[in-house]
Amino acid sequence: MEKRQELYAGKAKSVYTTDAPDLLVLEFRDDTSAFDGKRKEALARKGMVNNVFNAFIMERLEDAGIPTHFEKRLSNTESLVKKMQMIPVECVVRNIAAGGLVKRLGVEEGATLTPSTFELFLKDDDRGDPMINESLAETFGWATPEQLARMKELTFKVNHVLKQLFAGGDLLLVDYKLEFGLYDGKVILGDEFSPDGCRLWDAHTREKLDKDRFRQGLGGVIEAYEEVGRRIGVTFPEV
Ligand code: ATP
Ligand code: TYD
């Protein structure tokens, strides 16, 4: 497999074509951004940590029967994935109130959400990723009702698998965002699952061990990502 030209450089990853028309290389960079790209910093080792973390999670999800774009890890910072037609709708599940929900609704941070909530956001940086719903997604052609139903089903399956996996490391999966796309006409999970796109708290102290450390300037961002990984059985290469 040969890496060819850069197709797209996002805020944290770069996407490359390969000699296989249906495969892409995702390169995880050290670049970190928050607040719609207004705050940016390169954090040493982040590309490697997120790539290795994501590969571990995608393999666990595949083992649990969740279809993903993940093929294999190619290097410390690169993974081979199926080329999907991305659906521009982000799916967010929350098990515990935090972040945007607390700001929007004024509920108490840390409250357990029963049942867990499901929200949709439009993937559109220029518009600040606004919250949308199924009706708007259908009307504006962002996703069909059938695709949305499958995305919701898979997002909750992921919750079932990952809540247990993180609980084994004494961690609470507070919330997370997933992206899906179409491959061979089917909805499959894409992009990444890493502490950049979810919230993880220590189950006892509720210490934040995710990207909120970057958003809130708490320091020790990558050390926290590595700690989370180690607790669930990820082995990071020496660099
Ligand atoms: P955001 O941070 O809001 O996700 P971004 O575009 O800046 O946006 P990056 O993670 O830096 O995000 O870039 C990776 C890009 O690759 C994203 O646009 C993502 O939707 C896209 N992508 C992920 N997996 C695939 C795939 N299998 N096929 C095609 N595109 C993909
Ligand atoms: P949310 O609390 O709505 O947003 P914020 O990042 O402003 O606090 O996010 C819920 C979870 O989903 C959180 O773990 C971050 C993740 N997420 C992303 O990574 N990217 C996104 O575009 C969105 C909407 C959420």
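In the nomenclature of an unreviewed UniProt entry, the protein chain corresponds to Phosphoribosylaminoimidazole-succinocarboxamide synthase from the organism Vreelandella subglaciescola. On record in UniProt, under Pathway (unreviewed entry), the comment for the protein chain is "Purine metabolism; IMP biosynthesis via de novo pathway; 5-amino-1-(5-phospho-D-ribosyl)imidazole-4-carboxamide from 5-amino-1-(5-phospho-D-ribosyl)imidazole-4-carboxylate: step 1/2." UniProt lists a comment for the protein chain under the heading Catalytic activity (unreviewed entry), and it reads "5-amino-1-(5-phospho-D-ribosyl)imidazole-4-carboxylate + L-aspartate + ATP = (2S)-2-[5-amino-1-(5-phospho-beta-D-ribosyl)imidazole-4-carboxamido]succinate + ADP + phosphate + 2 H(+)".

Colleague: Would you take a moment to explain the site of ligand 2 for this structure?
Modeller: In the vicinity of ligand 2 lie 15 residues, with E90, R94, G100, D175 and R199 positioned nearest. R94 is positioned with one of its side-chain polar atoms (N or O) 2.7 Å from an oxygen atom of ligand 2. Between an oxygen atom of ligand 2 and a side-chain N or O atom of D175, the distance comes to 2.6 Å. With the chains in place, 80% of the 510 Å² that ligand 2 exposes on its own is no longer accessible. Broken down by secondary-structure element, the contributors of at least two residues to the shell around ligand 2 are β8 (85-96), α2 (99-105), β11 (171-183) and β13 (198-202). For the shell around ligand 2, the residue count by class is four nonpolar, three polar and eight charged.

Colleague: In this structure, what is going on with the nonpolar core? I would like to understand it.
Modeller: Note on soluble globular proteins: their nonpolar side chains tend to be buried together. Formed by 49 residues in total, the largest nonpolar core has its most connected members in I57, F166 and F193. Among the secondary structure elements, those contributing two or more residues to this core are α1 (46-63), β8, β9 (112-122), α4 (145-167), β11, β12 (186-190), β13 and α6 (221-232). When residues in this core are grouped by element, the largest group, nine residues, is from α1.

Colleague: Would you explain unusual backbone geometry in this entry?
Modeller: Among all residues save glycine, negative phi is the norm, and among peptide bonds the norm is trans. Residues T114 and P115 are joined by a peptide bond in cis, for which omega reads -5°. Relative to the helices and strands, P115 resides in strand β9. Look at D36: it is not a glycine, yet its phi comes out positive at around 55°. Within the secondary structure layout, D36 lies in the loop between β4 (31-34) and β5 (39-42). Looking at D36, the relative accessible area reads 46%, which means it is partly exposed. A positive phi angle is found at R45, which is not glycine, with a value near 75°.

Colleague: How should I be thinking about the site of ligand 1 in this particular structure?
Modeller: Among the 17 residues in the neighbourhood of ligand 1, the closest are listed as Y8, K11, A12, K13 and K123. K11 is positioned with one of its backbone polar atoms (N or O) 2.6 Å from an oxygen atom of ligand 1. E179 is positioned with one of its side-chain polar atoms (N or O) 2.8 Å from an oxygen atom of ligand 1. For the shell around ligand 1, the secondary-structure elements that each account for two or more residues are β2 (13-18), β7 (78-82), β8 and β11. Tallied by class, residues from the shell around ligand 1 come to seven nonpolar, two polar and eight charged.

Colleague: Looking at this model, I keep getting lost on the sheet that holds strand β1 (residues 3-9). Mind explaining?
Modeller: In sheet architecture, strand pairing relies on hydrogen bonds along the backbone and comes in two forms, parallel and antiparallel. The strand order across the open sheet built from five strands is β1-β2-β3-β7-β6, with neighbouring strands paired in antiparallel fashion. Two strands lie at the open edges of the sheet, namely β1 and β6 (70-73), each paired on one side alone. Each strand axis lies, on average, 30° off the axis of its neighbour in the sheet, ignoring direction. For β1 and β2, the ladder comprises four bridges, and the chain directions are antiparallel. Bridge pairing in β2 places K3 opposite T18. Sitting on the sheet, α1 is in contact with β3 (23-28), β6 and β7, with an inclination near 135° to β6.

Colleague: How do you make sense of α4 when you look at a structure like this?
Modeller: Each α-helix turn comprises 3.6 residues. Residues three or four places apart therefore point the same way. Compared with the 33 Å implied by 1.5 Å per residue over 23 residues, the 33 Å span of α4 between its first and last C-alpha is a close match. What α4 keeps buried is the set Q147, L148, M151, L154, T155, V158, N159, L162 and F166.

Colleague: Is there a simple way to explain the side chain of K211 in this structure?
Modeller: With respect to the helices and strands, K211 occurs in the loop between β13 and α5 (212-215). No salt bridge forms around the buried K211; measuring N to O, its nearest opposite-charge neighbour D196 is 4.8 Å away. Sequence-distant contacts of K211, defined by excluding residues within four places in its chain, comprise T32, S33, A34, P195, D196, C198 and Y225.

Colleague: Explanation requested: the pattern of salt bridges in the structure shown.
Modeller: Between side chains of opposite charge, a pair can form as their charged atoms come close. Across all of its chains, the model carries 25 salt bridges by this definition. Put simply, E119 and R94 hold a salt bridge, and the shortest N to O gap is 2.7 Å. Taken together, the residues E119 in strand β9 and R94 in strand β8 connect sequence positions 25 residues apart. By relative accessible area, which is 5% here, E119 ends up buried.

Parameters and conventions
Residues numbered from 1 in each chain as written. Chains lettered and ligands numbered in written order. Predicted model: local features only at pLDDT ≥ 70, side-chain atom pairs only at ≥ 80, totals over all residues. Heavy atoms only, no water. UniProt positions renumbered as here; feature names shortened; annotations may be inferred. Near = heavy atom within 4 Å. Polar contact = N/O pair within 3.5 Å; in protein donor to acceptor, adjacent residues only side chain to side chain. Areas by Shrake-Rupley, 256 points an atom, 1.4 Å probe, with all protein chains shown as cover. Helix = DSSP H or I, 4+ residues; strand = E, 2+ residues; numbered from the N terminus. Nonpolar A, V, L, I, M, F, W, Y, C, P; charged D, E, K, R; others polar. Core = buried A, V, L, I, M, F, W, Y, C linked by side-chain atoms within 4.5 Å. Buried < 20%, exposed > 50% of the residue type's maximum accessible area, 1.4 Å probe, protein only. Pairing = 2+ DSSP bridges. Axes fitted to C-alpha atoms, helices over the stretch in contact; angles between N-to-C directions. Contact = heavy atoms within 4.5 Å. Expected span 1.5 Å × (residues − 1). Lys, Arg positive; Asp, Glu negative; His and termini not counted. Salt bridge = Lys/Arg side-chain N within 4 Å of Asp/Glu carboxyl O.

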